[in-house]
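# Reading the structure
One-letter residues, chain by chain:
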Amino acid sequence: MSSRTLPLLFINLGGEMLYILDQRLRAQNIPADKAKKVMNDIITTMFNKKFLEELFKPQELYSKKALRTVFDRLAHASIMRLNQASMDKLYDLMTMAFKYQVLLCPRPKDILLVSFNHMDAIKDFVKDTPSILSQVDETYRQLIEMYTPLSSGEFQLIRQTLLIFFQDMHIRVSIFLKDKVQNSNGRFVLPTSGPVPHGTQVPGLIRIFSCTGEEITRLKFNNGGNYTTALREGSFDIFGDRVTKLGTNMYSVSRPVETHMSGTSKNSAQHTKVSAAPNPLAKEELNLLARLMGGLEVQKPGNTDTDFRINLFATDEEEEEALISRPDELSYGVINIQATKDQQANAELAKIMGEFTESGDQSPSVSNKGDDLLAMMDGL
């Protein structure tokens, strides 16, 4: 597992979330001033200085449920509201889009180019707001400083960590199904054609050398695909051509997007529920949520003059049906965790974490309470 994976996971999922919300705000004819406020508020929250300081600290990747909680809160960082079914669909689209991009990266290092494509789009969303733009530019600098010196092996470890995170997610997405890049079981189809990774050659030739290093003979073989020579390498600077299209906005051409649970995902969810055990990272996840959410400023609901609801389904009836039919294991409620400014919440979190770290003999009641807290974290 790589301890440098979390920032890339967060930024790429956040970028996909913004693509989807931008498309839905347009589709539902939300007034331009309100739509801009939503995008600006979410991006401001995403790139909050204290939030990013915690995010960029080397740390293990946390559970899907903990990360989902952060994105629930992030999605409600403005005047927009999503109900449970739409939030589920939003998260499904985000995760499956980035999983597809990670799978299709020609080289592990190209995950950074995918991240820069998302960052470029985010920068374009706030190009008319200098204060937010400076936050985004600072994140570019942090990404370049942290990731460009890494070796190919370190990027391979990041890619492997991401694929492990996504391995049980097989949500079918209509765009992918129509483009024939996803099968009906929710698994992606990897191409056997197109340009080879930068720095490599088209397969099909075996060269045999003598012990002195002199080439003796060449043998050709059928590579089983239709490969072409590598494209030029994309730019890893703040400005430049990334070359790859992975990570760009696939919703720029308006078309409906539906998600469906595959049988594999349903079985995986049921297996997860049955075999769930106390999570040894529960204390760390509490720490993560307390620190990360301390930087998330969320609008309080209730202002009917400004708040509005976004529906990721074609109709309210479809949204309601999706909420009823979705497995409970895959629908996470919006968890309300107060920001660190809230001293009462701080005290409560400190109390909870203190119960994890108490040493010595414990009474049965204390032990049971600890078990309940671990179960609570598993249920987030």
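What counts, and at which threshold
Residues numbered from 1 in each chain as written. Predicted model: local features only at pLDDT ≥ 70, side-chain atom pairs only at ≥ 80, totals over all residues. Heavy atoms only, no water. Helix = DSSP H or I, 4+ residues; strand = E, 2+ residues; numbered from the N terminus. Buried < 20%, exposed > 50% of the residue type's maximum accessible area, 1.4 Å probe, protein only. Contact = heavy atoms within 4.5 Å. Areas by Shrake-Rupley, 256 points an atom, 1.4 Å probe, with all protein chains shown as cover. Patch = residues over 30% accessible without salt bridge, like charges linked within 9 Å, V, L, I, M, F, W, Y side chains within 5 Å. Salt bridge = Lys/Arg side-chain N within 4 Å of Asp/Glu carboxyl O. Axes fitted to C-alpha atoms, helices over the stretch in contact; angles between N-to-C directions. Parallel < 35°, antiparallel > 145°, perpendicular 65-115°, else oblique. Left-handed = near helix turned anticlockwise from the far one by under 90°. Nonpolar A, V, L, I, M, F, W, Y, C, P; charged D, E, K, R; others polar. Pairing = 2+ DSSP bridges. Expected span 1.5 Å × (residues − 1). Phe/Tyr/Trp six-rings, centres within 6.5 Å; stacked < 30°, edge-to-face > 60°. Lys NZ or Arg CZ within 6 Å of the ring centre and 35° of its normal.

In the annotation of an unreviewed UniProt entry, the entry for the chain reads Organic solute carrier partner 1, and the organism field reads Oreochromis niloticus.

Our next topic: the overall build of the chain. Looking only at helices and strands, one finds 14 helices and 8 strands in the chain. Counting across all 380 residues of the chain, residues that qualify as buried make up 47%. Relative to all contacts within the chain whose residues are 6 or more apart in sequence, the contacts with residues 24 or more apart total 78%. In the form shown here, the chain has an accessible surface area of approximately 19,100 Å², with 52% of it arising from carbon and sulfur atoms.

A cluster of nonpolar side chains, contributed by Ile 206, Ile 208, Ile 216, Leu 219 and Phe 221, occupies part of the molecular surface with about 440 Å² of accessible area. Looking at the secondary structure, you find Ile 206 in strand S4 (residues 205-209). Its relative accessible area of 40% is what places Ile 206 among the partly exposed residues.

It is at 10 Å that the axes of helix H5 (residues 84-104) and helix H8 (residues 152-166) come closest, and there the two elements cross at 140 degrees. Compared by their axis directions, H5 and H8 come out oblique. The element H5 and its partner H8 pack so that their crossing is left-handed. Residue-level inspection shows Tyr 91, Thr 95, Phe 98, Lys 99, Val 102 and Leu 103 of H5 in contact with H8, the latter providing Arg 159, Leu 162, Leu 163, Phe 165 and Phe 166.

This brings us to the pattern of salt bridges. The tally for this structure, following the rule as stated, stands at 14 salt bridges. The partner of Asp 110 in a salt bridge is Arg 107, with the nearest N and O atoms 2.9 Å apart. Put simply, Arg 68, Asp 72 and Asp 88 are held in one network by salt bridges that share partners.

Helix-helix packing is described using two parameters, namely the angle between the two axes and the distance between the axes. Closest axis-to-axis distance for the helix H1 (residues 6-27)/H5 pair is 9 Å, and the angle between their directions is 125 degrees. As summarised for this structure, H1 and H5 are arranged oblique, according to the angle between their axes. The handedness of the crossing between H1 and H5 is right-handed. Residues Leu 8, Leu 9, Asn 12, Leu 13, Glu 16, Met 17, Ile 20 and Leu 21 of H1 lie in contact with H5, whose contacting residues are Leu 90, Leu 93, Met 94, Thr 95, Ala 97, Phe 98 and Gln 101. Of the residues contributing to the contact of H1 with H5, the split by class is 11 nonpolar, 3 polar and 1 charged.

By the bridge criterion, 5 bridges tie S4 to strand S5 (residues 215-220) in an arrangement that is antiparallel. Pairing of Ile 206 across the sheet is with Leu 219, part of S5.

The next thing to look at is helix H7 (residues 130-147). Counted at 1.5 Å a residue, the expected span for H7 with its 18 residues is 26 Å, and the 26 Å between its end C-alpha atoms agrees. Residues of H7 that are buried make contact with H1, helix H2 (32-46), helix H3 (49-55), helix H6 (110-125) and H8.

We now examine the packing of aromatic side chains. Between two aromatic rings, the relevant description is the distance of the centres plus the angle of the planes. Across all of its chains, the model carries 9 aromatic pairs by this definition. With 5.0 Å between their ring centres and 55 degrees between their planes, Phe 10 and Phe 51 make a pair best called tilted. Of the two residues, Phe 10 sits in helix H1 while Phe 51 sits in helix H3, which places them 41 residues apart along the sequence. Seen from their ring centres, Phe 71 and Tyr 91 are 6.4 Å apart, and the 50 degrees between their planes marks the pair as tilted. Of this pair, Phe 71 sits in helix H4 (residues 64-75) while Tyr 91 sits in helix H5, placing them 20 residues apart in sequence. Tyr 91 matches Phe 71 in its accessibility class, with the two residues each being buried. Through a chain of ring-to-ring contacts, three or more aromatic side chains come together here, namely Phe 10, Phe 51, Phe 71 and Tyr 91. Above the ring of Phe 165, the side-chain terminus of Lys 64 is found at 5.3 Å from the ring centroid.

Negative phi is the rule for most residues except glycine; trans is the rule for most peptide bonds. Unusually for a residue other than glycine, Lys 180 sits at a positive phi of about 60 degrees. Topologically, Lys 180 is positioned in the loop between helix H9 (174-178) and strand S3 (193-195). Positive phi outside glycine occurs at Val 243, with the angle close to 70 degrees. You can see Val 243 is positioned in the loop between strand S6 (226-228) and strand S7 (259-260).

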